[in-house]
Structures are given as structure tokens and as C-alpha cells.
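Examination of the molecular architecture
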Amino acid sequence: MAKMVGEDGLVIAADLQDVMLRGLMKRARRAGVADRIRPHLTAPDRIGLEDRVDFAIACWVIHETPDVDAAFRELATILKPGGRLFVLEPKSHASEEEFGKLLAAATAAGLSEITRPRSVGDRAVVLECPLASP
Ligand SMILES: C[S@@+](CC[C@H](N)C(=O)[O-])C[C@H]1O[C@@H](n2cnc3c(N)ncnc32)[C@H](O)[C@@H]1O
């Protein structure tokens, strides 16, 4: 992601565990992109960002959050109007039924399904935050 956003872009890397963020920053320094990444330590039940982002990725994490409905409600507030969220969940942790519940939680939070990218080992969806009213 840090390579994709380019020199003027910013990636906010959010995780509950400081050790994960430290490992990420070590790899980022090796790849020469650390200056484009801001590590952010979350609480278990709150991401706690003031920023608004164009694009967010929740990779293999939603099933670990204590309250999926609350997680999507907060993610919806972090996206800019028209911003997109890519959710990826391992099939081993998300049955078709569980993924359906996840999508219902995302929809209840005001996010719309755009597409479901195919993935062999994962279930995936791209969601969009509504545009602000004119
Ligand atoms: C399976 S790992 C995936 C890590 C990373 N997203 C990736 O794709 O490589 C799950 C990660 O979710 C983090 N996590 C678990 N519960 C969380 C929560 N409530 N808020 C934020 N991060 C959480 C864990 O610390 C862990 O790093």
C-alpha cells in the first residue's frame, strides 16, 4: 500500500498489538517506505482515528473484533464520502453464513456493497461509503 500511495500519500497502519506495528515498520524501513506509514495502536473495541481516509483495508481482522456491528459503524465514520473499504476474511474463520452476517453489519452501518472479488482461500468484499448529500 505504501508503494501504491506514492511519495505524497499516507498509509495509516492500525493494529491492536504494538509488536505487529513494530514488525511492520521494520519491514517498511527495509523497503524504503517507512516515511509514508503512520503506525496507529488501537484499543480492542475502538480504532480511535480522527482522520478520514480514501481507502481502508480490513484484512483478516474483522472476525477478531469483539463487536462486528460497532467495528463497521466506526469504519464508516473513518471513510471519506465515497471512500471504499476492502474486507478480506479467511474462509477458515468466516463461513458463508458468517460472512453474510458481516455484510449485514456493514450495510446497517451505511456501507454499500460494490463488488465481491474472488479469492481461493478468502471471502472478500469491497464496500463504499455514501457520498455526502449535496
Ligand atoms: C490474522 S492477523 C492479520 C494481520 C494483518 N491485517 C495482515 O493481513 O497481515 C490479525 C490482526 O488483527 C489484530 N487485531 C485483533 N483484534 C483487533 C482489534 N479489535 N482491533 C485492531 N486490531 C485487532 C491482531 O493484533 C492481528 O495483528
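The structure under discussion appears in the preceding block.
Residues numbered from 1 in each chain as written. Predicted model: local features only at pLDDT ≥ 70, side-chain atom pairs only at ≥ 80, totals over all residues.

What to know about the environment of Asp-67
Counting through the fold element by element, Asp-67 comes out in the loop between β3 (53–59) and α3 (68–78). The sequence separation of Asp-67 and Asp-15 amounts to 52 residues, and the corresponding C-alpha distance is 16 Å. (Helix = DSSP H or I, 4+ residues; strand = E, 2+ residues; numbered from the N terminus.)

Structural notes on the site of the ligand
Taken together, Asp-15, Leu-16, Gln-17, Met-20, Thr-42, Pro-44, Cys-59, Trp-60, Val-61, Glu-64 and Thr-65 make up the full set of residues near the ligand. A breakdown of the residues in the shell around the ligand according to their chemical character gives six nonpolar, three polar and two charged. There are two domains that each give the shell around the ligand at least three residues, and those are domain 1 (1–41) and domain 2 (43–134). (Near = placed C-beta within 6 Å. Nonpolar A, V, L, I, M, F, W, Y, C, P; charged D, E, K, R; others polar. Domains from an automatic or database assignment.)

Describing the packing of α3 against helix α4 (residues 96–108)
Following both chains from N to C, one finds α3 and α4 inclined at 45°, their axes separated by 8 Å at the closest point. Regarding the angle of α3 to α4, the classification is oblique. In this structure, α3 crosses over α4, and the sense of that crossing is right-handed. On α4, the residues that touch Val-68, Asp-69 and Phe-72 of α3 are Leu-102, Ala-105, Ala-106 and Ala-108. For the contact of α3 with α4, a count of residues per class yields six nonpolar, no polar and one charged. (Axes fitted to C-alpha atoms, helices over the stretch in contact; angles between N-to-C directions. Parallel < 35°, antiparallel > 145°, perpendicular 65-115°, else oblique. Left-handed = near helix turned anticlockwise from the far one by under 90°. Contact = placed C-beta atoms within 7 Å.)

Some details on the sheet that holds β3
Hydrogen bonds between backbone groups are what pair the strands of a sheet, and the pairing can be parallel or antiparallel. Read from one edge of the open sheet, four strands run β3-β4-β6-β5, paired in mixed fashion. Only two strands of the sheet have a single neighbouring strand rather than two, namely β3 and β5 (112–115). Direction aside, neighbouring strands of the sheet carry axes that sit 25° apart on average. Examined bridge by bridge, β3 and strand β4 (residues 79–90) share six bridges and lie parallel to one another. Paired with Ala-56 across the strands is Leu-85, a residue of β4. Most of the contacts of α3 go to β4, to which it runs at about 140°, and overall it touches β3 and β4. (Pairing = 2+ DSSP bridges.)

Read these as layout, nothing more, since geometry by itself doesn't imply function.
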